Amino acid sequence: MIKLSKLASAVAIVLAGNVAMAGEVEVLHWWTSGGEAKSVGELKKIMQGKGHTWKDFAVAGGGGDNAMTVLKSRVVAGNPPAAAQIKGPGIQEWASEGVLANLDATAKVEKWDELLPKVVADVMKYKGNYVAAPVNVHRVNWMWANAAVLKKAGVAGAPKTWDEFFAAAEKVKKAGLIPVAHGGQNWQDFTTFEDVVLGVGGAKFYQDALVKLDQAALTSATMTKSLETFRKIKSYTDPASPGRDWNLATAMVIQEKAAFQFMGDWAKGEFTAAGKVPGKDYICAAAPGTANAYTFNVDSFAMFKLKDAAAQKAQADLAAAIMGTEFQEVFNLNKGSIPVRLNMSMAKFDDCAKLSTKDFVDTAKTGGLLPSIAHGMAVMPAAEGAIKDAVSQFWNNDKMSVADGVKSIAKAAATR
Ligand code: GAL
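Conventions and cut-offs
Residues numbered from 1 in each chain as written. Predicted model: local features only at pLDDT ≥ 70, side-chain atom pairs only at ≥ 80, totals over all residues. Heavy atoms only, no water. Core = buried A, V, L, I, M, F, W, Y, C linked by side-chain atoms within 4.5 Å. Buried < 20%, exposed > 50% of the residue type's maximum accessible area, 1.4 Å probe, protein only. Domains from an automatic or database assignment. Contact = heavy atoms within 4.5 Å. Helix = DSSP H or I, 4+ residues; strand = E, 2+ residues; numbered from the N terminus. Pairing = 2+ DSSP bridges.

Some remarks on the nonpolar core
The tendency in soluble globular proteins is for nonpolar side chains to be buried side by side. By size, the foremost hydrophobic cluster in this structure holds 61 residues, and its most contacted members are Trp112, Phe301, Met303, Leu318 and Ile322. When residues of this core are sorted by domain, at least three fall in each of domain 1 (15-138 + 298-364) and domain 2 (139-295 + 366-413). Other than its neighbours up to four places away in sequence, Ile322 contacts Leu43, Ala133, Pro134, Val135, Phe301, Met303, Phe327 and Gln328. Core analysis: the second largest hydrophobic core is formed by 57 residues, Ala217, Ala378, Met400 and Ala410 among them.

Laid out in structure tokens, this is it:
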């Protein structure tokens, strides 16, 4: 009897300990499309498996502009979520407000410094301390094509140059289909725009114009050529594109209504969720003229300072799970991206992901590895927003001359 009661109280203590340390994580993200929701669902499962409660804080709107607006109001109200999808230089901006938690204890135990490319680790740190956990590496400069549509239109494979692209687009148009599936948010316009700048001007020009925001590059003849090419692409989109979500544009390619989409490889998450196979149903190819370059977009979760001990424990477990091999594999298989954690097996990944991995490594050696400005990797949010708006104004207003477009983008780039 005595033994039994001792055992019972020991069990009670252990259980109480577990309950006390099981906390809630409220996670702000904008992953609401089919492929995205499936991917973030994997993180939820892992956290629930550890006994924690997942409070989903999804704010619809690809690219995350809506999510960032909502996040600001929550932080200003003194009620931040445990974690929020915050990326690139935006991490530094939030950290400088003093609201982010220090993740060094987790990072040390989990050996993040050894498991991450230094360029990525540096972005996750503020004044040398980890404040965010990286999830993946998305490649932005992809062009997606429906294989059956290309066949129907008599287009042999993915075009490699912009001239080849326009010849292919013309054939698709003649076949009565939509050449380019495009949606209607400024980040979608910019995703196409940065592909064009890279394809027309090359890696150094992209770096000068869109990362360094160099006025000479921004007002150069190459920028004029880029805007001319960009405008020509628009003539191959359908009139219903304004306001359309990016995943609905992807669906047009999946459903054989459109031939091409310029989009990062989260689009592959939609093809995967629809049961489509790369190389058979669809083609992933670098956007014309950009095969030797790689615009990257690293998703990450920044963690906010919390008071409650159980919530802090749940938050640390979330950070550890994000960098763990289980999550890095299953999440990225669904999301279309590749693991950010080094030395992961790519055995289960498809050819698009394998090409992405190879090109990520190769371009890092040649100077072709570049931050995506459309996805918050290159410049501070204020300048990014102003440039995005200027690019979209040009895209949406066919009456604006190319010369005026160049001027207004260059002026926006001077916003600090
Ligand atoms: C990007 C994000 C991707 C993807 C995309 C569309 O900014 O990094 O993971 O979700 O928006 O929602």
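Following the structure, the description resumes.
Observations concerning the pairing of strand S12 (residues 294-297)
Taking every second residue as pointing to the same face, both faces of S12 are buried, with Tyr294 and Phe296 on one and Thr295 and Asn297 on the other. Inspection of the sheet shows strand S7 (residues 136-139) paired to S12 by 2 bridges, in the antiparallel sense. Within the sheet, the bridge partner assigned to Arg139 lies in S12 and is Phe296. As paired strands, S12 and strand S15 (residues 369-371) are joined by 3 bridges and run parallel to one another. Paired with Tyr294 across the strands is Leu369, a residue of S15.

Structural notes on unusual backbone geometry
Peptide bonds are mostly trans, and most non-glycine residues show a negative phi. Of note in this structure, Lys127 is not a glycine but carries a positive phi near 50°. Mapped onto the fold, Lys127 is located in the loop between strand S4 (125-126) and strand S5 (129-130). With a relative accessible area of 69%, Lys127 lands in the exposed category. At Asn343, a position not held by glycine, the phi torsion is positive, near 60°. Following the sequence through the fold, Asn343 ends up in the loop between strand S14 (338-339) and helix H17 (351-366). Take Asn343: its relative accessible area is 79%, and that puts it in the exposed class.

All we've got here are geometric facts, nothing functional implied.
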